[in-house]
Amino acid sequence: MSAVSEGLEKARRGVGVAGVGRPGASPRRRPTRGALTLILFAVPSLILLLLINLYPLVYAALQSVRNGTLIKTGTFVGLENYANILTQSAFWDSALFTLIFTVTGVFGSWAAGLALAMVLRTKIPAGGLFKVLLLLPWVVPVVVSATSWNWLVATPQSPLPVLAESLGFGNVLFLSSPILAKITVCVFKVWISFPFMMMMMSSALTSVDVNVYEAAKVDGASGWQTFRSITMPLISRSTYISWILMTIFCVNDFPTIFLLTGGGPVNSTTSLVVMAYRTVFQDFQTGPGVSIAFLMTGVLVIVSVVLYRQIAKVNIE
Amino acid sequence: MASPNPRSALSRRGFLGVAGTAGIATAGLLTGCNRAATGGSGGSAKPLKFWNMPWGNTQFNKLDKKITTDYKPAEGLSPATYQVIQWANFTQTFSSAIASNTGPAVSSGGGTQAFQFEAQGKIAYADDLLDSWKKDGLYDDFLPGLIDTMKVDKGYAAVPYNLDMRVLWYNTKLLGQAGVEPPKTWDDFLNVCAALKKNNIYGYGTAAGAGAYTGSHILVSWMINNGGGLFNAGHEPDMLTDANIEAINFVLECVKKGYVDPRSPSYTSDNAQSQWKAHKFGMGFDTAGLANNVGGTVAKELTVGSPLTSPSGKKGMLYFPNNIMMYTNTPSQKSSEAFLTYYYKNMAPLWTENTGIGLPPLKSITETEGFRKDKNAVKAIEEYQPISKTWAAPGSKALFLGVTTVDGTPAMDTFAQSVLGGKTTAKAALSKLQDATAKAIKALG
């Protein structure tokens, strides 16, 4: 191991110039009588929470195995709804778009958010004002954002088509071409979501000890080496948490898509949550719609567990 | 640090007491609010809930509420309360309220809503009400054929309320600049489109994007205009007919020749209106209220054209007889019927005081001076209403549960977007719609 690499490894572990190391793991303690009392106090709230969350979950699970409508529960059909959905090409098209939308939404917003968080960490004039302005896409209600984006791209007189034409790209159909509509919706999602990532990353970056950077500097690390070997590992816990949250936000994101494209043209931007909504409230098929929602939940749980394990791994390291 | 004195804290019993009092006070307050929108008399009879939609501009619901709360029921009958139900998520609002028996006794709503709830056994049939209207002349006041559209096997599911019609519009100024006369046939339509295209104007203005269903309505209108439609007499989807294929091929020809804006598959209603405003749409199809919605100086240039004659020599358009329905969950059926009789006899101002509602169902209203000021509305009623048909065409006049599978459904959106996008064939698009509809009808049971 080179001196620089060794120094970076020490720095990453928090052994800085001041000699500060990571605190050792605290010894495992047995629950005391006081702790048991606290748990007993929490039991009524836990029961209430379980009832609030469990009842709709169980009711929805029952609906997913019946052929009911919004008014009647219908008859028991077993796993027929799931089987029908899983054999529909429309479901897999929606699943693919959900994957594209989520991957772009999570990593696009994270990259933009991290970059801006790092820029805002440096001292720039009117930094506070910039922060507020950058938060606007997250703060503004999505109905307003979607209307603004529609105004930006929808008609030939809208600013972006006019710009595209003046740059020689011709008549660009941002929302009418199935491929461009997909791209537009994904970019819209990144635009709406990057402020959240920026806040998460800003708070993670402030928790990194400056001594670590000083130690890296002393060891002669370049800017990129510092970012890759110090910044990234030290903010990895926050990064994974933000990824989990953004994955959930993206998979469950209904208004962004529905307000901008309604899932069209020709279903090209129909994500699973939009498909579930349309199946229940436009086709009036409750069972299949709820089954889609359950399948989505299953996938989300798996992704969350994988990412949580990654966080646990980071903690152990 | 001193420990807190537990006796001075609010006890659990005390907390429950305070919470209970607050709850009762809030309930009282809410009941008070509810009473504020209730008609004056009616003795001790339980109020009857009337839910109506925002059918027009902001004036509509104000006036509608006044008409409702001015209702003075006869002794023993219920007064009426008024509530506006927003269009956003209205299906969920009605479905959940009706499933939990907290819904209205009388309401308007989506055009096919009555048939959906009728199939669930939640609708009180209007047969007795219509019989009573036969005696007092109100029945004969309805425009021809309207009441028939509400007839299902067991009775009348609802009463026609306001008509949502699809009509041909053109901009007189732009047609004049192009040197063409308004079209009368499909061939004329192509010629006018060609002339407008020379001036970079679209002749087939339409919208089929998020929440814009006009695009699909007009496609079905072309089919009906040619003697076709979606359902046969047995209420089964029957879409792959020669008349329908010819109609959709005609639309595909318009798309191919550049008479349809390529952004139409993603246009919202607002986008389409902005194109009319920007003089980019010179002709097209929309609701009878288009000129009012577009507004400004362009509104004066917009005129309703006469219905086109198809190659089959037939005329026809799709229309939506929106309706008012009565529910089985009512304080009393007599109260529901008495209220509706009052309402229909007193609702004329909704059409004569510029509230922006659709077209009236009663001949007497179409004959009022207030209504006849709007030449376009008069033309829509006189020329389009007699030839218009419902989703049930060509098989039957009356609506039925199966039409809910094509009314604003994903399958219909996909059909419209694929045809207006021009990347399909008539047979492929109709075949896909037919399969999806048949499957959805099967799922309805």
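Above: the structure in question.
Residues numbered from 1 in each chain as written. Chains lettered and ligands numbered in written order. Predicted model: local features only at pLDDT ≥ 70, side-chain atom pairs only at ≥ 80, totals over all residues. Heavy atoms only, no water.

Draft legend 1. Region of interest: the overall build of chain A. Each helix and strand counted, chain A has 14 helices and 0 strands in total. When the helices and strands of chain A are placed in sequence order, the string is α-α-α-α-α-α-α-α-α-α-α-α-α-α. For chain A, the proportion of its 317 residues judged to be buried stands at 39%. A separation of at least 24 residues holds for 70% of the contacts in chain A among residues at least 6 apart in sequence. When the accessible area of chain A is evaluated, it comes to approximately 17700 Å², of which 70% is carbon and sulfur surface. (Helix = DSSP H or I, 4+ residues; strand = E, 2+ residues; numbered from the N terminus. Buried < 20%, exposed > 50% of the residue type's maximum accessible area, 1.4 Å probe, protein only. Contact = heavy atoms within 4.5 Å. Areas by Shrake-Rupley, 256 points an atom, 1.4 Å probe, with all protein chains shown as cover.)

Draft legend 2. Spotlight on the packing of aromatic side chains. Enumeration according to the criterion identifies 50 aromatic pairs over all chains in this entry. Summarising the aromatic geometry, the rings of Phe91(A) and Trp92(A) are spaced 5.0 Å apart at their centres and angled 85° between planes, so their arrangement reads as edge-to-face. With a centroid separation of 5.6 Å and an interplanar angle of 55°, the aromatic rings of Trp51(B) and Phe94(B) are classed as tilted. Here Trp51(B) is found in strand β1 (residues 48-52), whereas its partner Phe94(B) is found in helix α3 (residues 90-99), with 43 residues between them in sequence. (Phe/Tyr/Trp six-rings, centres within 6.5 Å; stacked < 30°, edge-to-face > 60°.)

Draft legend 3. Geometry of a nonpolar patch on the surface. Residues and elements named next belong to chain A. On the surface, a cluster of nonpolar side chains totalling about 860 Å² of accessible area is made up of Val 119, Ile 124, Leu 129, Phe 130, Leu 133, Leu 136, Trp 138, Val 139, Leu 245 and Phe 249. Sorting the residues of the nonpolar patch by element identifies α5 (127-139) and α11 (236-251) as the ones contributing at least two each. With 6 residues, the top contributor of residues to the nonpolar patch is α5. Looking at the element boundaries, Val 139 is found in helix α5. (Patch = residues over 30% accessible without salt bridge, like charges linked within 9 Å, V, L, I, M, F, W, Y side chains within 5 Å. Salt bridge = Lys/Arg side-chain N within 4 Å of Asp/Glu carboxyl O.)

Draft legend 4. Geometry of empty space enclosed by the protein. Residue and element names in this part refer to chain B. By the definition in use, this model includes 3 cavities of 30 Å³ or more. Here the largest cavity is characterised by a volume of approximately 60 Å³. Around the largest cavity sit Leu 168, Ser 221, Trp 222, Asn 225, Phe 285, Pro 307, Leu 308, Met 317 and Tyr 384, which together line it. Top contributing element to the lining of the largest cavity by residue count: helix α8 (residues 214-225), with 3 residues. In the lining of the largest cavity, the residues fall into 7 nonpolar, 2 polar and no charged. If you add up the space inside the second largest cavity, you get close to 40 Å³. In terms of lining residues, the second largest cavity is bounded by Ile 98, Asn 101, Gly 103, Pro 104, Lys 122, Tyr 327, Thr 328 and Asn 329. Classifying every residue of the lining of the second largest cavity by side-chain character gives 3 nonpolar, 4 polar and 1 charged. (1 Å grid on protein atoms, 1.4 Å probe; cavity = no way out; pocket = protein on both sides within 12 Å on 5 of 7 lines; lining within 4 Å. Points joined across faces, edges and corners; volume = space filled by probe spheres on them. Nonpolar A, V, L, I, M, F, W, Y, C, P; charged D, E, K, R; others polar.)

Draft legend 5. Representation of helix α6 (residues 142-153) of chain A in the model. All names here are of chain A. Relative to the 16 Å expected for 12 residues at 1.5 Å per residue, α6 spans 16 Å between its end C-alpha atoms, a close match to the ideal helical length. Three or more residues of α6 are buried, namely Ser 145, Ala 146, Trp 149, Asn 150 and Val 153. Along the long axis of α6, the arc covered by the buried residues comes to 140°, so they all point the same way. Exposed positions of α6 whose direction lies more than 90 degrees from the buried face are Thr 147 and Trp 151. (Expected span 1.5 Å × (residues − 1). Arc of directions from axis to C-beta.)

Draft legend 6. Seen up close, the interface of chain B and chain A. Each partner contributes residues to the interface: chain B has 34 residues there, and chain A has 32 residues. When chain B packs against chain A, close to 2600 Å² is buried across both sides, 53% of that on carbon and sulfur atoms. If you sort the residues of chain B by the area they bury against chain A, Gln120(B), Arg263(B) and Pro410(B) come out on top, with a joint share of 24%. Seen at the junction of chain B and chain A, the total is 1 salt bridge. Of the charged contacts, one joins Asp413(B) and Arg278(A) as a salt bridge, the two residues approaching to 2.6 Å between their closest N and O atoms. At the junction of chain B with chain A, the criterion picks out 10 residue pairs in polar contact (both at pLDDT 80 or more). For the side of chain B that touches chain A, the elements supplying multiple residues, two or more each, are α3, α4 (113-119), α10 (269-277), α18 (410-421) and α19 (426-444) of chain B. For the side of chain B that touches chain A, the residue count by class is 12 nonpolar, 17 polar and 5 charged. (Buried area = accessible area lost by both parts, 1.4 Å probe. Polar contact = N/O pair within 3.5 Å; in protein donor to acceptor, adjacent residues only side chain to side chain.)

Draft legend 7. Here's a closer look at the nonpolar core. Counting residues in each nonpolar core, the largest one holds 139 residues, and the members touching the most others are Tyr161(B), Phe189(B), Tyr204(B), Trp222(B), Tyr343(B) and Tyr344(B). Ranked by size, the runner-up nonpolar core spans 56 residues in total, among them Ile85(A), Phe101(A), Leu120(A) and Val153(A). (Core = buried A, V, L, I, M, F, W, Y, C linked by side-chain atoms within 4.5 Å.)

Draft legend 8. Focus on unusual backbone geometry. Cis rather than trans, the peptide bond between Gly264(A) and Pro265(A) has omega equal to 0°. Residue placement: Pro265(A) occurs in the loop between α12 (255-260) and α13 (272-281). With an omega of 0°, the peptide bond between Ala393(B) and Pro394(B) qualifies as cis. Tracing the backbone shows Pro394(B) in the loop between β11 (388-389) and α18. Residues other than glycine seldom take positive phi values, yet Val266(A) does so here, at roughly 50°. You can see Val266(A) is positioned in the loop between α12 and α13. The residue His279(B) is not glycine, and still its phi comes out positive at about 60°. Take His279(B): it is sitting in the loop between α10 and β8 (283-287).

Draft legend 9. Examining helix α9 (residues 242-256) of chain B more closely. Given a rise of 1.5 Å per residue, 15 residues ought to cover 21 Å, and the 21 Å separating the end C-alpha atoms of α9(B) matches this to within 8%. Considering only its buried residues, α9(B) is in contact with α7 (186-197), α8, α18 and α19 of chain B.

Draft legend 10. Structural context of the side chain of Thr279(A). Residues and elements named next belong to chain A. You can see Thr 279 is positioned in helix α13. A distance of 2.6 Å separates the side chain of Thr 279 from the backbone oxygen of Met 275, its partner in a polar contact. Setting aside residues no more than four positions away along its own chain, Thr 279 makes contact with Phe 284, Gln 285, Pro 288, Gly 289 and Ile 292.

Draft legend 11. Looking closely at the pairing of β1(B). Residues and elements named next belong to chain B. Within β1, 4 of the 5 residues are buried, leaving the element largely enclosed by the surrounding structure. Inspection of the sheet shows β1 paired to strand β2 (residues 80-84) by 5 bridges, in the parallel sense. Bridge pairing in β2 places Lys 49 opposite Thr 81. One crossover worth recording links β1 to the parallel β2 by way of helix α2 (residues 58-69), and it is right-handed. Direction of pairing for β1 relative to strand β3 (residues 106-107): parallel, over a ladder of 2 bridges. (Pairing = 2+ DSSP bridges. Right-handed = clockwise from strand over helix to strand, strands pointing away.)

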